[in-house]
Amino acid sequence: SAGQSPGCRPLGALLAGIAQAAYHGNAAVTEELLRQQLYPEAAPEEFRALRAKMGGLLQSIASADMDLNQLEAFLTAQTKKQGGITSDQAAVIAKFWKNHRLKIHESLINQSRWDNVLKNMSWRVDLKSQSRHVDQINTPVAIVEMELGKNGQESEFLCLEFDEAKVSQMLKKLSEIEESMTLLTQTT
């Protein structure tokens, strides 16, 4: 009946299903599928409430990227709350988070990247064989190809050509960036 604590095994699987849908972009994991497979005897609204509660708890835990001490304090508070969770449910949630924290955290970081990231970079040096200016023929040029993209999406390729002056300008800028980052990591 509704009053009894649902078994622990389906709860672990429910959390995994929620994580698949929310953090790993698996659209095949629907509420209906989870209900049929894990809680077939639960009424739809009863299951919806359980799924919403567990989804909300998981979201709080994941967005704070809780360590084990924070998790324990958070779950203990949830067991004391009116309409909260049972200590059995808390134990299942704790075990799930211990096993899935890294994957979910990585996934959240990837989801929060708005812009493309540099996935790959290749380069070669050629001798310029054609130019509007005769004195530029046979000067070395660097051809740099960058692969840009977001996780799970098709990449874009950017091809750049640098002469020696541009390469040293680029290196100067990159070392300024590096210095700036080093200063930040030393102060934090």
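Overview of the structure. Predicted model, so just to flag it, every value in this text is computed and none were measured. All residue numbers refer to positions counted from 1 along the written sequence of the respective chain. For a predicted model such as this one, the threshold for reporting local features is a pLDDT of at least 70, and the threshold for listing and counting side-chain atom pairs is 80 or more; totals across whole chains, interfaces and linings nevertheless cover every residue. Excluded from the side-chain calculations are hydrogens and water; all other atoms, namely the structure's heavy atoms, are used.

**Description of the overall build of the protein chain**
Across its full length, the protein chain holds six helices and three strands. The secondary structure listing takes helices from DSSP runs of H or I that are at least 4 residues long and strands from runs of E that are at least 2 residues long, numbered from the N terminus. Ordered by position from the N terminus, the helices and strands of the protein chain form the series α-α-α-α-α-β-β-β-α. For 188 residues, the compact-globule formula gives about 16 Å, and the C-alpha radius of gyration of the protein chain, at 26 Å, lies well above that figure. Across its three principal axes, the protein chain shows a C-alpha extent of roughly 90 × 40 × 20 Å. Here the protein chain holds 188 residues, and the buried ones make up 23% of them. Residue contacts are counted whenever heavy atoms from the two residues lie within 4.5 Å of one another. For the protein chain, restricting intrachain contacts to residue pairs at least 6 apart in sequence, the fraction spanning at least 24 positions comes to 51%. Counted charges follow a simple rule, with Lys and Arg positive, Asp and Glu negative, and His plus the chain ends left uncounted. Where a charge lies is defined by one atom per residue type: Lys uses NZ, Arg uses CZ, Asp uses CG and Glu uses CD. Averaging the locations of the 20 positively and 23 negatively charged side chains of the protein chain gives two centres separated by 6 Å. We take the radius of gyration over the C-alpha atoms and set the globule estimate at 2.2 Å times the residue count to the 0.38 power. For each residue, the accessible area found with a 1.4 Å probe, counting protein chains only, is set against the maximum for its type, and the residue is called buried under 20%, exposed over 50%, and partly exposed in between.

**Examining the packing of helix α1 (residues 8-23) against helix α3 (residues 44-63)**
Interhelical geometry of α1 versus α3 gives an angle of 65 degrees and a closest axis separation of 10 Å. Taken together, the axis directions place α1 and α3 in an arrangement best described as roughly perpendicular. Note that α1 runs across α3; the crossing there is right-handed. Mapping the contact onto sequence places L11, L14, L15, I18, A19 and Y23 in α1 and F47, L50, R51, M54, G55, L58, Q59 and A62 in α3. Of the residues belonging to the contact of α1 with α3, the class tally is 11 nonpolar, two polar and one charged. In this analysis, axes come from line fits to C-alpha atoms, helices being fitted only over the stretch in contact, and the angle between any two N-to-C directions falls in the range 0 to 180 degrees. Put simply, angles under 35 degrees are roughly parallel, angles over 145 are roughly antiparallel, angles from 65 to 115 are roughly perpendicular, and the rest are oblique. Helix crossings fall into two classes, left-handed where the near helix is turned counterclockwise from the far one by less than a right angle and right-handed where it is turned clockwise. By the convention adopted, Pro, Cys, Tyr, Trp, Phe, Met, Ile, Leu, Val and Ala count as nonpolar, Lys, Arg, Asp and Glu as charged, and the other residues, Gly among them, as polar.

**A look at the sheet that holds strand β3 (residues 156-162)**
The three strands are arranged β1-β2-β3 in an open sheet whose pairing can be described as antiparallel. The open sheet has two edge strands, β1 (117-127) and β3, and neither has a second partner. Taking the axes of each pair of neighbouring strands and ignoring which way they run, one obtains an average angle of 20 degrees across the sheet. What makes two strands pair is DSSP finding at least two bridges between them. Where β1 lies against strand β2 (residues 140-149), 10 bridges are found, and the strand directions are antiparallel. In the sheet register, D126 faces β2, and the bridge partner there is V141.

**Quick word on the pairing of β2**
Burial analysis of β2 places seven of its 10 residues in the buried class, which makes it a mostly covered element. When β2 meets β3, the two strands line up antiparallel, connected through seven bridges. Its bridge partner lying in β3, V144 is registered against L160.

**Description of unusual backbone geometry**
Notably, D65 is not glycine yet its phi reads approximately 45 degrees, a positive angle. Looking at where D65 falls in the secondary structure, it is placed in the loop between α3 and α4 (68-80).

**A closer look at the environment of M170**
With respect to the helices, strands and loops of the structure, M170 is situated in helix α6 (residues 164-187). Classification of M170 by relative accessible area gives partly exposed; the value is 33%. In this structure the C-alpha to C-alpha distance between M170 and F74, which are 96 residues apart in sequence, comes to 49 Å.

**A short note on the packing of aromatic side chains**
Each Phe, Tyr or Trp ring, with Trp reduced to its six-membered ring, pairs with another whose centre is within 6.5 Å; inter-plane angles below 30 degrees give stacked pairs, above 60 give edge-to-face pairs, and intermediate values give tilted ones. Under the counting rule described, the total for this entry stands at one aromatic pair. On the basis of an interplanar angle of 40 degrees and a centroid distance of 5.8 Å, the ring pair of Y39 and F47 is categorised as tilted. We classify Y39 as buried; its relative accessible area is 6%.

**So, the nonpolar core**
It is characteristic of soluble globular proteins that their nonpolar side chains tend to be buried jointly. Grouped together as the largest cluster of nonpolar side chains are 29 residues, with contacts concentrated most on L14, M54, L58, I61, L75, I93 and W97. Beyond its immediate chain neighbours, meaning those up to four positions away, I93 contacts L15, M54, L57, I61, L75 and I85. Only buried residues count toward a nonpolar core. Its members are Ala, Val, Leu, Ile, Met, Phe, Trp, Tyr and Cys residues joined through side-chain atoms within 4.5 Å.

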